[in-house]
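# Structure at a glance
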Amino acid sequence: MSSTPFSALACPLDGKPMQRQGRTWRCDAGHSFDVARQGYTHLLPVQHKRSRDPGDSKAMVAARQRFLNAGHYAPVADAVARAALSARPGNGQLRCLDAGCGEGYYLRRLAEAAGKRETALSLLGLDISKWAVLSAARQEHAVSRDREGEGSNWVVASNAKLPVQDGALDCVLCLFGFAVYPEFVRVLEPGGVLIQADVGPDHLRELREVIYPSLKPEREPSRTTPDGLARRDVETIRFQLTLSEPQAIADLLMMTPHFHRASAEGRERAAALDSLTVTIDVRLTPFVRLADSGARGG
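All figures in this text were calculated on a predicted structure; none of them were measured in a lab.

## With respect to the environment of Ala157
- As for its position among the elements, Ala157 is in the loop between strand 8 (153-156) and strand 9 (169-175).
- With 59 residues separating them along the chain, Ala157 and Lys216 place their C-alpha atoms 34 Å apart.
- Those residues in contact with Ala157 that lie beyond four places of it in its chain are Leu43, Leu44, Leu126, Asp127, Ile128 and Pro163.

## A word on the pairing of strand 6 (residues 94-99)
- Most of strand 6 is tucked away, with five of its six residues classed as buried.
- Pairing geometry for strand 6 and strand 7 (residues 121-127), over six bridges, is parallel. Pairing of Arg95 across the sheet is with Ser122, part of strand 7.
- A crossover connection joins strand 6 to the parallel strand 7 through helix 3 (residues 105-117); in handedness this β-α-β unit is right-handed.

## Details of the packing of helix 1 (residues 58-69) against helix 7 (residues 246-254)
- In contact at an axis separation of 8 Å, helix 1 and helix 7 are set at 125° when each is read in the N-to-C sense. On the basis of the axis angle, helix 1 is oblique to helix 7. Remark: the crossing between helix 1 and helix 7 carries left-handed chirality. Contacts between helix 1 and helix 7 involve Ala59, Met60, Ala63, Arg66 and Phe67 from the first element and Gln247, Ala248, Asp251, Leu252 and Met254 from the second.
- Here the contact of helix 1 with helix 7 is composed, by residue class, of seven nonpolar, one polar and two charged.

## What about the packing of aromatic side chains?
- Applying the stated criterion to the full structure yields four aromatic pairs.
- For the ring pair Tyr105 and Tyr106, a centre distance of 5.2 Å and an interplane angle of 75° mean the geometry is edge-to-face. In this pair, the class of Tyr105 matches that of Tyr106, namely buried.
- Linked through ring pairs, Tyr181, Phe184 and Phe287 together constitute an aromatic cluster.

## Concerning helix 3
- The end-to-end C-alpha distance of helix 3 is 19 Å, a good match for the 18 Å that 13 residues give at a rise of 1.5 Å each.
- Those residues of helix 3 that fall on the buried side of the exposure criterion are Tyr105, Tyr106, Leu107, Arg108, Arg109, Leu110 and Ala114.
- Directly beyond the C-terminal end of helix 3, a positive phi value near 55° is found at Glu118.

## Thoughts on helix 7
- Turning to helix 7, its buried residues are Ala248, Ile249, Asp251, Leu252, Leu253 and Met254.
- Considering only its buried residues, helix 7 is in contact with helix 1, helix 6 (205-211), strand 12 (235-243), helix 8 (258-261), helix 9 (264-271) and strand 13 (276-289).

## Describing the packing of helix 2 (residues 74-85) against helix 3
- Look at helix 2 against helix 3: their axes get within 9 Å of each other, and the N-to-C directions meet at 60°. Classified by the angle their axes make, helix 2 and helix 3 are oblique. Helix-helix and strand crossings are classified by hand; for helix 2 and helix 3 the assignment is right-handed. On the side of helix 2, the interface is formed by Ala74, Val76, Ala77, Asp78, Ala81, Arg82, Ala84 and Leu85, while helix 3 contributes Tyr105, Tyr106, Arg109, Leu110, Ala113, Ala114 and Arg117.
- Here the residues of the contact of helix 2 with helix 3 sort into eleven nonpolar, no polar and four charged.

## Focus: the pairing of strand 10 (residues 188-199)
- Of the pairings in the sheet, the one linking strand 9 to strand 10 comprises six bridges and is parallel in character. What sits directly across from Leu175, in strand 10, is Ala197.
- Taken together, strand 9, helix 5 (residues 181-187) and strand 10 constitute a β-α-β crossover, and its handedness is right-handed.
- With seven bridges joining them, strand 10 and strand 13 adopt antiparallel strand pairing.

Reading the values: rules and limits
Per chain, the residues get numbers from 1 upward, laid out in the order the sequence is written. Predicted model: local features are reported for residues with pLDDT of at least 70 only, side-chain atom pairs are reported and counted for 80 or more only, and whole-chain, interface and lining totals are derived from all residues. The basis for every side-chain value is the complete set of non-hydrogen atoms in the structure, without hydrogens or water. Numbering of helices and strands runs from the N terminus, with a helix taken as a DSSP run of H or I at least four residues long and a strand as a DSSP run of E at least two residues long. We call two residues contacting when some pair of their heavy atoms lies within 4.5 Å. Per-residue accessibility, obtained with a 1.4 Å probe over protein chains only, is compared with the maximum for each type, and a residue is labelled buried under 20%, exposed over 50%, and partly exposed between these values. By the convention used here, strands pair only if DSSP detects at least 2 bridges between them. Seen with the strands pointing away from the viewer, any crossover whose path from the first strand over the helix to the second strand runs clockwise is right-handed. Axis definition: a line fit to C-alpha positions, over the contact stretch in the case of helices; interaxial angles, taken between N-to-C directions, run 0 to 180 degrees. An angle counts as roughly parallel when it lies under 35 degrees, as roughly antiparallel when it exceeds 145, as roughly perpendicular when it falls between 65 and 115, and as oblique in every other case. Two helices cross in a left-handed way if the nearer one is turned anticlockwise from the farther one by less than a right angle. They cross in a right-handed way if the turn is clockwise. Three classes are used: nonpolar for Ala, Val, Leu, Ile, Met, Phe, Trp, Tyr, Cys and Pro, charged for Asp, Glu, Lys and Arg, and polar for all others, with Gly counted as polar. In summary, the pairing rule links any two rings of Phe, Tyr or Trp, Trp by its six-membered ring, whose centres are within 6.5 Å, and it sorts them by plane angle into stacked for under 30 degrees, edge-to-face for over 60 and tilted for everything else. To estimate how far a helix should reach, multiply one less than its number of residues by 1.5 Å.

In structure tokens:
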């Protein structure tokens, strides 16, 4: 497999194409952004932040890193990798963005799967949390010391304004994150694929039964197809996962929105568990970018 850093970045201030010169990204207007020594680039202007430290906290990122690296969500990652690799254009290089990459687990698994198929990649991992992007960059560089050569690009940025040139991607991953469909359509070339992962109604039901007094009825997912995209068949990834250590249970809770939604009493009940079997229920939905971005798909 050959892997090259993603190069079609756009300036987050004016949208102009950027070029990398040494350890700095620059646009023609003179805006410049340095690549940090850890191997990532901060492309989230202060005026685009909604808080001082947006996104997942350092503790949430550490919990997710421990949990995912233990292989608990490997079937989900395998399904994502298969769907992404199917978006490869002919025998060309697959240009893929993980929009909300967290600590980089799914892109690393995609790279592993592509290596087995000898598929060429150009990868970009983006997250609004600097702690997540820092973790992703550090983990990649732990196995690859060549920061100027092979590997992924990691950037701190927002899905609301992707620092990516128009039509520069074959595939966008939006995995349990915030989908901004107009931006996804803009950066995908016609025929490119958006792969969206959402939780199903039974996802982590057993954990939710522990931390909440009662469970609210699940709302039916929207079947509306965003403008410029055509919906394809949904794939369901469903399995039982047994966690036999309190730390793994704590990490699972910490990495989900339920950690903040649950009461202190609910979190205490989860902390008292020695083991837990939970249902993993994930829905993977591919969307194809239409040639006419104003058309609608069904």
